[in-house]
Amino acid sequence: MIFGSAEPLESYCVHLLLSKDEIYFTVLETKGYCSVYGPRSIVQVEELLRRKLAKEAADKEFQEFVQLLKSAKTMPLHAKPPKSSWMVEESIQHRIKSLEAYAIDACKNDDQKNTAGAILKAMGLAKTASSAVNLLIAIGYFPVHVNLDLLKFNIHTDYSDEIMSAAESLLSESSDPDEIDRIDLTHLKVYAIDVDEADELDDALSATRLQDGRIKVWIHVADPTSLVQPGSIIDREAMRRGTSVFLPTATYPMFPEKLAMEGMSLKQGNLCNAVTVSVVLRSDGSIAECTVNNSIIKPTYMLTYESASELLHLNLEEEVELKILSEAAALRLQWRRQQGGIDTATLETRIKVANPDDPEPLIKLYVENQADPAMRLVSEMMILCGEAVATFGSFNNIPLPYRGQPQSIDASAFSHLPEGPVRSSAIVKLMHAAEMDFRNPIRHGTLGLPGYVQFTSPIRRYMDLLAHYQVKAFLRGDSPPFSAGQLEGMASVINMNVRVVRRLSSSSLRYWILEYLRRQSKEKRFRALILRFIKDRIAALLLMEVGFQASAWVSVGMQIGDEVEVKVEDAHPRDDIISLKEVVQEK
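On a predicted model such as this, the values are computed, not experimentally measured, just so you know. (Residues numbered from 1 in each chain as written. Predicted model: local features only at pLDDT ≥ 70, side-chain atom pairs only at ≥ 80, totals over all residues. Heavy atoms only, no water.)

**Description of the overall build of the protein chain**
Logical step 1: On a plain count of helices and strands, the protein chain comes out with 15 helices and 20 strands.
Logical step 2: Over its C-alpha atoms the protein chain spans a radius of gyration of 33 Å, topping by over 25% the 25 Å that the globule rule assigns to 587 residues.
Logical step 3: The burial tally for the protein chain puts 43% of its 587 residues in the buried class.
Logical step 4: Sequence-distant contacts, at least 24 apart, represent 67% of the contacts inside the protein chain between residues at least 6 apart.
Logical step 5: Accessible surface, the protein chain: about 30100 Å² in total, of which carbon and sulfur atoms supply 52%.
Logical step 6: Put simply, the protein chain has 65 plus and 79 minus side-chain charges, and the middle of one group is 5 Å from the middle of the other. (Helix = DSSP H or I, 4+ residues; strand = E, 2+ residues; numbered from the N terminus. Rg over C-alpha atoms; globule rule 2.2 N^0.38 Å. Buried < 20%, exposed > 50% of the residue type's maximum accessible area, 1.4 Å probe, protein only. Contact = heavy atoms within 4.5 Å. Areas by Shrake-Rupley, 256 points an atom, 1.4 Å probe, with all protein chains shown as cover. Lys, Arg positive; Asp, Glu negative; His and termini not counted. Charge placed at Lys NZ, Arg CZ, Asp CG, Glu CD.)

Now the structure itself:
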């Protein structure tokens with residue numbers, strides 16, 4: 001029919017034509033090397049033509065998408081398409097979301113995995129998560145310093161309209177269920193001490209010296225439970241989050257920000273609802289008596305740790321209450337050490353990144369010494385509050401999230417190590433994870449306390465909020481909203497979320513410290529304290545100006561506790577790589 005002949009050559013040519021045809025003909029049967037072809041039906045031909053056209057259209061669309069990626073890659077940073085533009089068309093959104101899922105190892109199905117793989121292949125890239133990350137950065141969809149863990153852990157960064165509406169209602173309708181029971185403590189001088197950019201204030205302090213010479217301390221804690229009830233929509237959302245998330249680049253609060261700041265946070269010069277834990281100390285620093293009350297206070301000072309330390313140093317007569325608080329803190333530390341408590345004060349790094357979406361954002365790094373007088377004062381008062389609440393809960397049989405660490409560490413075993421970060425580092429390596437009981441206090445060996453309940457951060461930690469629900473119900477004469485068994489079940493879920501947030505906070509802080517170090521001059525020298533030797537002459541070091549631990553080879557003759565000088569040879573934040581080299585002093 002085609003060639004007018006059935007010779008072998010012509011027959012073979014027809015076979016080739018038919019075998020390559022995917023639409024009009026099909027193989028009816030095969031005998032040995034011979035195939036019998038027959039025409040497809042009109043319905044089959046139309047369906048195959050439709051599929052062919054659809055595939056050609058899809059291939060064309062895919063090639064256009066690849067060209068779009070290549071075009072975006074070559075554009076200067078300021079001209080790249082905004083992130084929202086990739087979400088307009090459904091087909092483009094699907095491909096970008098597939099790439100994003102591939103980048104964080106979170107593909108929901110094979111379709112996403114295959115789509116991302118095809119895109120990377122078309123772009124001439126390896127089929128790896130890092131290739132997907134780099135491509136998304138190159139087209140401007142991800143910022144240069146995208147926090148992948150924030151995406152991987154699926155951290156909730158926004159609130160639904162329903163939650164925001166409920167928060168607004170609480171603020172506008174707020175009535176205080178404990179109004180008649182509040183004691184008026186507005187006559188007290190109240191110090192709120194925190195970091196300089198604290199988002200909300202959970203706690204504040206007052207102190208006086210009684211006529212018999214003993215010290216009385218008041219720890220005032222914000223009272224969110226005067227607004228939020230157990231089981232309410234706001235409470236359930238806070239429980240789902242478990243904790244506020246504090247990152248160098250942003251804060252994602254446990255409660256909607258406006259509710260936390262305007263309705264719950266303590267504010268200087270304002271009348272504020274609080275739960276006040278008052279404690280009278282014996283001369284040795286132990287608790288003589290303690291009470292818990294609903295209160296109303298008027299914070300006098302909002303101080304940063306730096307300004308509080310400065311005031312303590314100046315020793316002003318008019319700030320005698322601050323001096324009494326410092327004296328109480330010293331008594332408490334001494335008493336806790338006598339009970340087997342361990343001092344684990346070290347250097348702590350805080351970083352604030354002002355404009356994280358910029359390729360070269362401004363990084364502000366602060367290194368705080370936990371042994372600083374003001375930091376020591378606040379931490380001792382928070383620990384005192386924890387012991388007092390545990391004592392109060394135990395005496396009144398209130399189920400609470402009692403926290404403990406039954407193990408006791410013999411501090412004298414570390415007396416050969418220099419006091420400070422070296423000793424703290426060695427002790428922390430031996431410490432076990434905290435344990436919890438919901439019926440009775442358990443000894444906290446590291447703190448040197450017979451019992452301990454975290455109570456001072458109910459705006460940012462849900463476990464503290466649970467303790468408030470329980471204590472406040474008791475103060476009202478009601479049964480606790482939760483049994484010990486219910487608390488235990490809730491705690492297991494909450495603590496799981498808290499562990500995820502801790503991992504995220506730790507990895508984010510480390511990333512930005514490495515980025516900070518990457519930017520330093522290659523010739524810049526850093527003071528580094530030798531904490532311990534890992535193997536041979538490879539030592540674990542603490543960079544004093546950065547508050548960061550890393551390792552490096554150090555010269556023969558150097559001992560634990562010695563200081564060396566190091567340079568940063570290499571730093572890659574995305575790959576979590578840091579390489580230090582000792583600067584050997586010429587003799």
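That shown, we press on.
**Re the packing of aromatic side chains**
Logical step 1: Tallied over the full model, the rule gives five aromatic pairs.
Logical step 2: Both rings, one in Phe 392 and one in Phe 474, keep their centres 5.6 Å apart while their planes meet at 85 degrees; by these two values the pair is edge-to-face. Here Phe 392 is found in helix α12 (residues 373–395), whereas its partner Phe 474 is found in helix α14 (residues 462–476), with 82 residues between them in sequence.
Logical step 3: We classify Phe 392 as buried; its relative accessible area is 11%.
Logical step 4: The ring of Phe 65 carries Arg 95 above its face, with NZ or CZ at 5.5 Å from the centroid.
Logical step 5: One residue, Arg 350, lies across the ring of Tyr 366, its end atom 4.6 Å from the ring centre. (Phe/Tyr/Trp six-rings, centres within 6.5 Å; stacked < 30°, edge-to-face > 60°. Lys NZ or Arg CZ within 6 Å of the ring centre and 35° of its normal.)

**What to know about the sheet that holds strand β18 (residues 548–553)**
Logical step 1: The antiparallel open sheet is built from five strands, whose spatial order is β18-β17-β16-β19-β20. With one partner strand each, in any of the chains shown, β18 and β20 (577–582) form the two edges of the open sheet. Between one strand axis and the next, the sheet turns by 45 degrees as a mean value, whatever way the strands run.
Logical step 2: Note: strand β19 (residues 563–572) against β20, six bridges, orientation antiparallel. Its bridge partner being in β20, Asp 570 is matched across the sheet by Ser 579. (Pairing = 2+ DSSP bridges. Axes fitted to C-alpha atoms, helices over the stretch in contact; angles between N-to-C directions.)

**Examining the pattern of salt bridges**
Logical step 1: Inspection of every chain in the model, using the stated rule, returns 39 salt bridges.
Logical step 2: In this structure, the salt-bridge partner of Glu 47 is Arg 51, at a minimum N-O distance of 3.0 Å. Here Glu 47 pairs with Arg 51, and both are found in helix α2 (residues 42–74), just four residues apart, close to one helical turn.
Logical step 3: One salt-bridge network, in which partners are shared between bridges, spans Asp 176, Asp 178, Arg 182, Asp 223, Lys 472, Arg 476 and Asp 478. (Salt bridge = Lys/Arg side-chain N within 4 Å of Asp/Glu carboxyl O.)

**Overview of the domain arrangement of the protein chain**
Logical step 1: By the assigned domains, the protein chain splits into domain 1 (8–40), domain 2 (56–142), domain 3 (161–515) and domain 4 (520–582).
Logical step 2: Inter-centroid distance (C-alpha atoms) of domain 1 to domain 4 is 74 Å. (Domains from an automatic or database assignment.)

**With respect to the layout of surface pockets**
Logical step 1: What the second largest pocket holds in volume is close to 1300 Å³.
Logical step 2: Forming the walls of the second largest pocket are 50 residues, and the residues nearest its centre are His 145, Val 146, Asn 147, Leu 148 and Arg 574.
Logical step 3: Within the residue set of the lining of the second largest pocket, elements represented by two or more residues are α3 (90–103), α5 (129–138), α6 (148–152) and α15 (484–519).
Logical step 4: If you tally residues by element for the lining of the second largest pocket, the top one is α15, at eight residues.
Logical step 5: Within the lining of the second largest pocket, the residues separate by chemical class into 25 nonpolar, ten polar and 15 charged. (1 Å grid on protein atoms, 1.4 Å probe; cavity = no way out; pocket = protein on both sides within 12 Å on 5 of 7 lines; lining within 4 Å. Points joined across faces, edges and corners; volume = space filled by probe spheres on them. Nonpolar A, V, L, I, M, F, W, Y, C, P; charged D, E, K, R; others polar.)

**Section: the side chain of His 468**
Logical step 1: As for its placement among the helices and strands, His 468 is situated in helix α14.
Logical step 2: Of note is the side chain of His 468, whose polar atom sits 2.8 Å from the backbone oxygen of Phe 455.
Logical step 3: When neighbours within four sequence positions are excluded, His 468 is seen to be in contact with Val 221, Ala 222, Thr 225, Val 275, Phe 455 and Pro 458. (Polar contact = N/O pair within 3.5 Å; in protein donor to acceptor, adjacent residues only side chain to side chain.)

**Points about the packing of helix α7 (residues 161–173) against helix α9 (residues 257–264)**
Logical step 1: Between α7 and α9, the least distance of the axes is 9 Å, while the angle of their chain directions is 15 degrees. Comparing the axis directions of α7 and α9 gives the class roughly parallel. In the packing of α7 onto α9, the handedness of the crossing is left-handed. Of α9, the residues touching α7 (which contributes Ala 167, Glu 168, Leu 170 and Leu 171) are Lys 258, Leu 259, Glu 262 and Gly 263. (Parallel < 35°, antiparallel > 145°, perpendicular 65-115°, else oblique. Left-handed = near helix turned anticlockwise from the far one by under 90°.)

**Topic: the nonpolar core**
One broad trend across soluble globular proteins is that nonpolar side chains are buried collectively.
Logical step 1: Counting 44 residues, the largest nonpolar core has Ile 193, Val 217, Leu 325, Leu 377, Met 381 and Phe 455 as its most contacted members.
Logical step 2: In terms of residues, this core owes the most to one element, α12, which gives twelve residues.
Logical step 3: If near-sequence neighbours (up to four positions away) are discounted, Phe 455 is found in contact with Val 221, Val 275, Val 277, Cys 385, Val 389, Asp 464, Ala 467, His 468 and Val 471.
Logical step 4: Listed in part, the 39 residues of the second largest apolar core include Tyr 159, Ala 222, Tyr 462 and Ala 491. (Core = buried A, V, L, I, M, F, W, Y, C linked by side-chain atoms within 4.5 Å.)

**Digging into the side chain of Lys 472**
Logical step 1: Along the chain, the position of Lys 472 falls in helix α14.
Logical step 2: Apart from residues lying up to four places away in sequence, Lys 472 is in contact with Asp 178, Arg 182, Asp 223, Thr 225, Ser 226, Val 275 and Asn 294.

**Section: empty space enclosed by the protein**
Logical step 1: By the definition in use, this model includes two cavities of 30 Å³ or more.
Logical step 2: Lining of the largest cavity is provided by Leu 311, Leu 312, Asn 315, Leu 316, Glu 319, Leu 322 and Lys 323.
Logical step 3: Taken together, the elements giving at least two residues each to the lining of the largest cavity come down to α10 (305–314) and α11 (320–338).
Logical step 4: Within the lining of the largest cavity, the residues separate by chemical class into four nonpolar, one polar and two charged.

**Some details on the pairing of strand β10 (residues 287–297)**
Logical step 1: Pairing of strand β3 (residues 183–184) with β10, which is carried by two bridges, proceeds in the parallel orientation. Following the sheet pairing, Asp 184 is matched in β10 by Ile 296.
Logical step 2: Relative to β10, strand β9 (residues 272–281) runs antiparallel, the two sharing ten bridges. Residue Val 280 lies in a different strand from β10, and its bridge partner there is Glu 289.

**Here's the deal with unusual backbone geometry**
Phi is mostly negative for residues that are not glycine, and the peptide bonds are mostly trans.
Logical step 1: One non-glycine residue with positive phi stands out, namely Asn 397, at about 55 degrees.
Logical step 2: For Asn 397, the position within the fold is in the loop between α12 and β14 (402–404).
Logical step 3: A relative accessible area of 67% means that Asn 397 is categorised as exposed.
Logical step 4: At Asp 576, a residue that is not glycine, the phi angle is positive and equals roughly 55 degrees.
Logical step 5: By the secondary structure assignment, Asp 576 is in the loop between β19 and β20.
Logical step 6: Residue Asp 576 is classed as partly exposed on the basis of its relative accessible area, which comes to 42%.

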